[in-house]
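Chain by chain, the residues:
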Amino acid sequence: MSITIKQATAEDSPFLAQMILQSSRAGKKDGLFDLIFESTDDATILKQLESLTQTEAKSHCHYKNFLIAEMDGKSVGTLCSYEPRISTRETFEKALKEIGLSEFEESLEVMYCCDFELNKRTLMFDFMEELDGFIDVGVLKALMQKSLLTARLKGYRIAQTIIEIGSLESELFYKKLGFHVVKQLECELYKEKFGRHGLMLMAIEF
């Protein structure tokens, strides 16, 4: 089965929501969006995430930032790429307010407690996920190759991503693609909420 890559549309929001939630949990019981939406009900969280991908404020969760991998017409994976100078914390806060949230500052402190002071002229990758049953068939590699090609055509020469410290499979995958570890930050607040020591910044030059 061949893999095709397409730009996401608003109609893909349910699938994007599923992949965003899966990525944020990354094997944990709860992830960032469980914290932000203060819910234990997946259906409620997914509905909120669908709305978050379609806000006027173009946060990193906006559907226009996503590529989707398909096999035989079925969506099987996602990769988000965004510009830190556009998809800022302030933009994310505006998007959350658009969907009706008002009390989220405490949750965002967990998200931003590991501050890498990102270079605003780089491209960031996030929400690289694939459906169960489609692992190791080349989905993520195809998504990344397409994203790097697009980034190069847009004039970018550096791309970065942030993963959790201890996410050995993700770290190994990125290293195989040419990424290297730039910095690690251990954060007590992050460890307290998610049981993980902190975050790791990785980058690739192309």
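Here, every reference points to the structure presented above.
Throughout this description, residue numbers start from 1 for each chain and increase along the sequence as written. Reporting of local features is limited, given that this is a predicted model, to residues whose pLDDT is at least 70; pairs of side-chain atoms are given and counted only at 80 or more, and all residues count toward the totals for whole chains, interfaces and linings. Calculated side-chain values reflect all of the structure's heavy atoms, with hydrogen atoms and water omitted.

Visitor: What should I look at first to understand the environment of Met202 in this one?
Guide: Here a helix means four or more residues in a row that DSSP labels H or I, a strand means two or more in a row labelled E, and each is numbered from the N terminus. Of note, Met202 is situated in strand S7 (residues 198–205). The contact partners of Met202, leaving out residues within four places of it in the chain, are Ala159, Gln160, Thr161, Ile163, Glu171, Tyr174, Lys175, Phe179, His180, Val181 and Val182. Between two residues, a contact is recorded if the distance between any of their heavy atoms is within 4.5 Å.

Visitor: Honestly, the state of the cysteines in this entry has me stumped. Any pointers?
Guide: Here, the word disulfide means a covalent bond between the sulfur atoms of two cysteines. Here, a disulfide means two cysteine sulfur atoms that sit within 2.5 Å of each other. Inspection of every chain in the model, using the stated rule, returns one disulfide. Paired through a disulfide, Cys114 and Cys187 show a sulfur-sulfur distance of 1.6 Å. Negative torsions about the S-S bond denote left-handed disulfides, and the value of about 140° found for Cys114 with Cys187 makes this one right-handed. Here Cys114, found in the loop between helix H5 (105–112) and strand S4 (123–130), pairs with Cys187, found in the loop between strand S6 (180–186) and helix H8 (188–194); they are 73 residues apart in sequence, far enough to count as distant. Each residue is assigned to one of three classes by its accessible area relative to the maximum for its type, calculated with a 1.4 Å probe on protein chains only: buried under 20%, partly exposed between the two thresholds, exposed over 50%. Residue Cys114 is classed as buried on the basis of its relative accessible area of 6%. What makes Cys187 buried here is its relative accessible area of 7%. Left unpaired, Cys80 is separated from the closest cysteine sulfur, that of Cys61, by 7.1 Å.

Visitor: Explain the sheet that holds S4 to me, please; I cannot follow it from the model alone.
Guide: One requirement defines pairing of two strands: DSSP has to find at least two bridges between them. Read across the open sheet, the seven strands follow the order S1-S2-S3-S4-S5-S7-S6; overall the sheet is mixed. Of all strands in the sheet, those bounded by a partner on one side alone are strand S1 (3–7) and S6. Shown here is a sheet whose adjacent strand axes are inclined to one another by a mean of 25°, direction ignored. Here strand S2 (residues 66–71) runs beside strand S3 (residues 74–82); their pairing, made up of six bridges, is antiparallel. Its bridge partner being in S3, Leu67 is matched across the sheet by Leu79. Axis lines are fitted through C-alpha atoms, for helices just across the contact stretch, and the angle between N-to-C directions can take any value from 0 to 180 degrees. Strand contacts of helix H6 (residues 139–153): S1, S2, S3, S4, strand S5 (158–164) and S7, with the helix running at about 160° to S4, the strand carrying the most contacts.

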